[in-house]
Amino acid sequence: MGWRSGAEKDIDEVLQTNTVFVNVSKGQVAKKEDLVKAFGTDDQTEICKIILTKGELQVSDKERHTQLEQMFRDIATIVAEKCVNPETKRPYTVILIERAMKDIHYSVKPNKSTKQQALEVIRQLKETMQIERAHMRLRFILPAKEGKKLKEKLKPLIKVIESEDFDEQLEIVCLIDPGCFREIDELIRCETKGKGSLEVLSLKDVEEGDEKFE
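Worth saying up front: this structure is predicted, and the values here are computed from it rather than measured. The residue count restarts for each chain, going from 1 along the sequence in the order it is written. Reporting of local features is limited, given that this is a predicted model, to residues whose pLDDT is at least 70; pairs of side-chain atoms are given and counted only at 80 or more, and all residues count toward the totals for whole chains, interfaces and linings. In computing side-chain properties, one takes all heavy atoms of the structure into account and sets aside hydrogens as well as water.

Trainee: I'd like a rundown of the overall build of the protein, residues and numbers included.
Mentor: Numbering of helices and strands runs from the N terminus, with a helix taken as a DSSP run of H or I at least four residues long and a strand as a DSSP run of E at least two residues long. A tally of helices and strands in the protein yields nine helices and eight strands. Each residue is placed in one exposure class: buried if its accessible area under a 1.4 Å probe, protein chains only, is under 20% of its type's maximum, exposed if it is over 50%, and partly exposed if it falls in between. Here the protein, with 214 residues, has 31% of them falling under the buried criterion. Two residues qualify as a contact provided that any one of their heavy atoms is within 4.5 Å of a heavy atom in the partner residue. Counting only contacts in the protein whose residues sit at least 6 apart along the sequence, the fraction spanning at least 24 positions is 67%. Computed with the Shrake-Rupley method and a 1.4 Å probe, the accessible areas treat only the protein chains shown as cover for residues. Put simply, the protein shows about 14100 Å² of open surface, and 47% of that area lies on carbon and sulfur atoms.

Structural data, given as structure tokens:
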């Protein structure tokens, strides 16, 4: 996988041996004439490179299971980051989304991206629970002393700043992905030692097809 993605450049780090086998479990080595017929060369290192680049990837059952488990978790994480409970206006936890995905018996598709599948999961979960894709509209008020420095820390977590007013204190109204809410809340509480405030004003629905997952 590392060779195919370009992460690994040293062929010797990828191969245990550059010998080409017909049947590795029986130790049957490929004949030179068969290699030339199949690959147009009998250079085993070059043939190994062709196999690594274009060959069918064989994955053990254990590796496949681990890969699917990781994809399942990644899909749940994306859904939790992008969605809220429209009644409480609060995001769901990843664990809760994972449980909901198991309840609807969602089956991971290894050939589709996790972002594509997250959109599909959201559509399916809407039939069984209160869940919506939305941005959260927040207002936070920060003490003047910590305001400017804290704003720089908050910037990467904000999608859109709708308004900003700096007088005796800094007041910002902004849109965020629901998954950033806890981090923003914790950052404001810790950095201002409880002097800052955070308020959920509303939810801004993300229309179907209106936003792609980045």
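This is not the end of the story, as more comes after the structure.
Trainee: Please give an account of the nonpolar core that cites residues and values.
Mentor: Remark: nonpolar core denotes a set of buried residues (Ala, Val, Leu, Ile, Met, Phe, Trp, Tyr, Cys) joined through side-chain atoms within 4.5 Å. Ranked by size, the top nonpolar core spans 21 residues in total, and within it Ile75, Val79, Ile97, Met101, Val121, Leu125 and Ile131 carry the most contacts. Mapped onto this core, the elements with two or more residues apiece are helix 5 (61-82), helix 6 (94-103) and helix 7 (114-125). Counting residues per element, this core draws most heavily on helix 5, at seven residues. Apart from residues lying up to four places away in sequence, Val121 is in contact with Ile75, Val79, Met101 and Tyr106.

Trainee: Which residues make up unusual backbone geometry, and what are the values?
Mentor: Phi at His105 takes a positive value of approximately 60°, unusual for a residue other than glycine. Within the secondary structure, His105 is located in the loop between helix 6 and helix 7. Look at His105 and you get exposed, because its relative accessible area is 69%.

Trainee: Tell me about the side chain of Glu98, and please be specific about residues and values.
Mentor: Checked against the element boundaries, Glu98 lands in helix 6. On the basis of relative accessible area, Glu98 is assigned to the buried category, the value being 17%. Look past the residues within four positions of Glu98 in its chain and what remains in contact with it is Phe72, Arg73 and Ala76.

Trainee: So what's going on with the pattern of salt bridges? Residues and values would help.
Mentor: Any Lys or Arg side-chain nitrogen located within 4 Å of an Asp or Glu carboxyl oxygen qualifies as a salt bridge. Tallied over the full model, the rule gives 13 salt bridges. With its nearest N and O atoms 3.4 Å apart, the salt bridge here joins Arg123 to Glu120. Placement of both Arg123 and Glu120 in helix 7 is noted, with a separation of three residues, approximately one turn of the helix. Here Arg123 falls in the partly exposed class, since its relative accessible area comes to 39%. Looking at Glu120, the relative accessible area reads 24%, which means it is partly exposed. A salt bridge links Lys126 to Glu132, with the nearest nitrogen and oxygen atoms 3.7 Å apart. A single salt-bridge network, built from bridges that share partners, covers Lys82, Lys159 and Asp177.

Trainee: Break down helix 8 (residues 144-154) for me, citing the residues and quoting the values.
Mentor: Three or more residues of helix 8 are buried, namely Gly147, Leu150, Lys151 and Leu154. Along helix 8, the residues classed as buried sweep out an arc of 115° about the axis, all on the same side. Those residues of helix 8 that are exposed and aimed more than 90 degrees away from the buried face are Lys145, Lys148 and Lys149. Contact partners of the buried residues in helix 8: strand 5 (132-143), strand 6 (160-166), strand 7 (169-176) and helix 9 (181-191). Directions from the helix axis toward the C-beta atoms define the arc.

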